[in-house]
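# Examination of the molecular architecture
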Amino acid sequence: MTFKIVVCAKQVPDTNEIKIDPVKKTLIREGVPSILNHDDANALEEALKIKDKWPDTHITVVSMGPPQAKDLLIECLAMGADEAVLASDRALGGSDTWATSNALAAAIDKLGGYDLIFAGRQAIDGDTAQVGPQMAEKLGIPQVTYVKEFEIDDDKKSITVKRALEDGYELIKIKTPCMLTAIKELNTPRYMSIGGIYEAVSAEIPVWGAAELGVDPDKEVGLDASPTNVYRSFTPVPKGQGVMIEGDSERDIADKLIVSLKSKHVI
Amino acid sequence: MDFQLTKEQEFVRKMVREFAVNEVEPIAADVDKEHRFPEENVKKMGELGLLGIPFPKEWGGAGGDNLSYAITVEELSRMCASTGVICSAHTSLCAWPIYAYGTEEQKKQYLPDLLTGKKLGAFGLTEPNAGTDAGGQQTKAEDKGDHWLLNGAKVFITNGGYADVFVVMAMTDKSKRTRGISAFIVEKGFEGFSIGKTEDKMGICGSSTTELVFQNCKVPKENILSDIGAGFKVAMSTLDGGRIGIASQALGIAQGAFDVTLDYMKARRQFGRRLSDMDPLRFEMADLKTRIDASRLLIYRAASLKDAHLPYGPESAMAKYFAGETAMHVTTKCVQFHGGYGYTKDYPVERMMRDAKITEIYEGTSEAQKLVIAASVFGK
């Protein structure tokens, strides 16, 4: 039986090139290239590795975003995904994580059946790490976040994962269908292939709006339905540069540290 | 006239740039220093479809076009000109003539492996006494009934030491001069075929440039490519396309040198100012930028003409002539703008300047390009 995987991916501004408007204090999006969110690329790569091992695997990538997010889905197809769907509608604009997970859960429901949902841990623009877990709750399936190692049983009914903690990991066995979020330690994403690019650009990518998703713009998705709002954004004042203290011995380093702290009247 | 790249071409650039930045650039200086053929990257390029771009999928190609191929060589060469020419010689000079002139059987036998990079290709035309005067071939091919017998030697063969399949020119009838030249598909391991000396070059040190030696080399009867006596035509039309590849390599070298110099100018301070704030240097960079872009437009036009199945010989000669001269000019200037640092191997512009020189020489010198261009101006 075909093993069905849904990968959730987000188009984000390349944070290496990010600039903040000094007056408005918001991100300058103009001229900043958009990229596939890093953790999502790890999620897709893990799905592709399953497909490499079991060719009878079907990978659908789901994204929510403006129409130009189609480019991100082309990239995912060119990497080897089988199918892609974009949730895009003015009514979805301004959604917070709760509203976004409503829309994505509805999209995944509409796809009809899945064994595994893979998402990235978090997006580099919002850094909330909330959408994946919220989605799993709404779909009523178990979840494991921060997956850094992954092994699927031969019967594909259960998966053993290592969940990264700050000082180690948890070893967890989970039954499918389930939702996992990937971190960069999981793998190294592959490149698009040239042949894949030529197929992906001409592939049909359905765009689903609020009506197709069956979500209510007044209560479930969009700015007005979002229970949280951005109150204010600002650029933190940069702290001074850190200093590395070097010395021949621990005592020598400690001495230098004390001299330095005293000279700054800290102690 | 449409100056916009297609979505496919934009994605090809994005993909190859990522590959070049992550895989090619980190080893470029070592490949140059150690004169090492970057086998690991060539293998990856094959798997990703970079060695079969402008060929249909039915033969194992990526189903792309010649402009995507030009962009690919450009992006690879921005980081490493050796890697760029490996792709160019393989694609333009070996896979292409087999695709364009091969029989169904020849295509079936060679293209799937070549276009997926399982095998690497090379092209043998140049001889010790037949450089720009390619008609003066001395390698002979005799008809021995059930096989061809090749005797002679080729020099300066790109990919020579690592190739599995070679398209080789040889005289089948000396009395007919250029009409007596025929093309053959020769495989590594054919009896009587060996690789001679490996050249120790000024630049593109990661590319393998060797002699090919034929001593009573037996080539199967069916391995003649196109008709008996059609070899010169095969070679000349192959080189028309090859020039797009080498022009793209030159463009990549120039762009790569320009990019690192721009970064250097923004960081380097003299007389209390950044180099990038000094008008004379800004004007120089404006000049280089213009020349680089002019090369790009000439190359993309030639590739687009080829994609449209229109004549593109003089256009590819102009692109190759201008891009080669531009690469040499730009890299020389970029070394100058780096000052003493630019003359050291700590900065990549030194390698780029050495790499650039070959683009004025191989696959037709600048002078040979002018012969082609002049013939289109005055008639032959």
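Since this is a predicted model, take the numbers as computed values, not measurements.

## With respect to the interface of chain B and chain A
Every contact between the two is made by 21 residues of chain B and, on the other side, 12 residues of chain A. With both sides pooled, the region where chain B packs onto chain A buries about 1,600 Å², and carbon together with sulfur makes up 67% of that total. Among the residues of chain B in contact with chain A, Glu8(B), Phe11(B) and Leu48(B) are the three that bury the most area, contributing 36% of the side total. For the pair chain B and chain A, the number of links is 9 residue pairs in polar contact (both at pLDDT 80 or more). Of the residues contributing to the side of chain B that touches chain A, the split by class is 9 nonpolar, 5 polar and 7 charged.

## A few points about the packing of aromatic side chains
Centre-to-centre distance and the angle between the planes together describe a pair of aromatic rings. For the structure on display, the rule yields 10 aromatic pairs over all chains. Feature note: the residues Phe166(B), Phe193(B) and Phe214(B) constitute an aromatic cluster, connected by ring pairs. The lysine or arginine in question, Lys110(A), covers the ring of Trp208(A), its NZ or CZ lying 4.9 Å from the ring centre.

## Observations concerning the domain arrangement of chain B
Accessible area lost upon the coming together of the parts serves often as the stated size of an interface. Residues and elements named next belong to chain B. Under the domain assignment, chain B is made up of domain 1 (7–115), domain 2 (121–230) and domain 3 (233–378). Once you take the C-alpha centre of each, domain 2 and domain 3 turn out to be 30 Å apart. Listed as interface residues are 13 residues of domain 2 and, on the opposing side, 14 residues of domain 3. Together, the buried faces of domain 2 and domain 3 total about 1,000 Å²; carbon and sulfur atoms form 74% of this surface. Of all residues in domain 2, Met-202, Ile-204 and Ala-230 give up the largest surface area on contact with domain 3, accounting jointly for 45% of the area buried on that side. Summed over the shared surface of domain 2 and domain 3, the result is 0 salt bridges. Taken together, the links from domain 2 to domain 3 amount to 4 residue pairs in polar contact (both at pLDDT 80 or more). Residue composition of the side of domain 2 that touches domain 3, by class: 10 nonpolar, 3 polar and no charged.

## Section: a nonpolar patch on the surface
Together, Ile258(A), Val266(A) and Ile267(A) give the surface a local cluster of nonpolar side chains, amounting to about 290 Å² of exposed area. Topologically, Ile267(A) is positioned in the segment after helix H7 (250–263).

## Concerning the nonpolar core
Of all hydrophobic cores here, the largest spans 70 residues; its most connected members are Leu116(A), Phe118(A), Phe150(A), Leu180(A) and Met15(B). Top contributing element to this core by residue count: helix H1 (residues 7–33) of chain B, with 8 residues. With near-sequence residues (within four places) excluded, Leu116(A) lies in contact with Phe3(A), Lys4(A), Ile5(A), Val6(A), Ile50(A), Phe150(A), Ile159(A), Cys178(A) and Leu180(A). Counting 41 residues, the second-largest nonpolar core is a separate cluster that includes Ile71(B), Met278(B), Ala303(B) and Tyr312(B).

## Considering the pattern of salt bridges
Scanning all chains against the criterion turns up 41 salt bridges over all chains. Residues participating in the shared-partner salt-bridge network are Arg13(B), Arg17(B), Glu74(B), Glu75(B), Arg78(B), Asp259(B), Asp293(B) and Arg296(B).

What counts and what doesn't
Residues numbered from 1 in each chain as written. Chains lettered and ligands numbered in written order. Predicted model: local features only at pLDDT ≥ 70, side-chain atom pairs only at ≥ 80, totals over all residues. Heavy atoms only, no water. Contact = heavy atoms within 4.5 Å. Buried area = accessible area lost by both parts, 1.4 Å probe. Polar contact = N/O pair within 3.5 Å; in protein donor to acceptor, adjacent residues only side chain to side chain. Nonpolar A, V, L, I, M, F, W, Y, C, P; charged D, E, K, R; others polar. Phe/Tyr/Trp six-rings, centres within 6.5 Å; stacked < 30°, edge-to-face > 60°. Lys NZ or Arg CZ within 6 Å of the ring centre and 35° of its normal. Domains from an automatic or database assignment. Salt bridge = Lys/Arg side-chain N within 4 Å of Asp/Glu carboxyl O. Patch = residues over 30% accessible without salt bridge, like charges linked within 9 Å, V, L, I, M, F, W, Y side chains within 5 Å. Areas by Shrake-Rupley, 256 points an atom, 1.4 Å probe, with all protein chains shown as cover. Helix = DSSP H or I, 4+ residues; strand = E, 2+ residues; numbered from the N terminus. Core = buried A, V, L, I, M, F, W, Y, C linked by side-chain atoms within 4.5 Å. Buried < 20%, exposed > 50% of the residue type's maximum accessible area, 1.4 Å probe, protein only.

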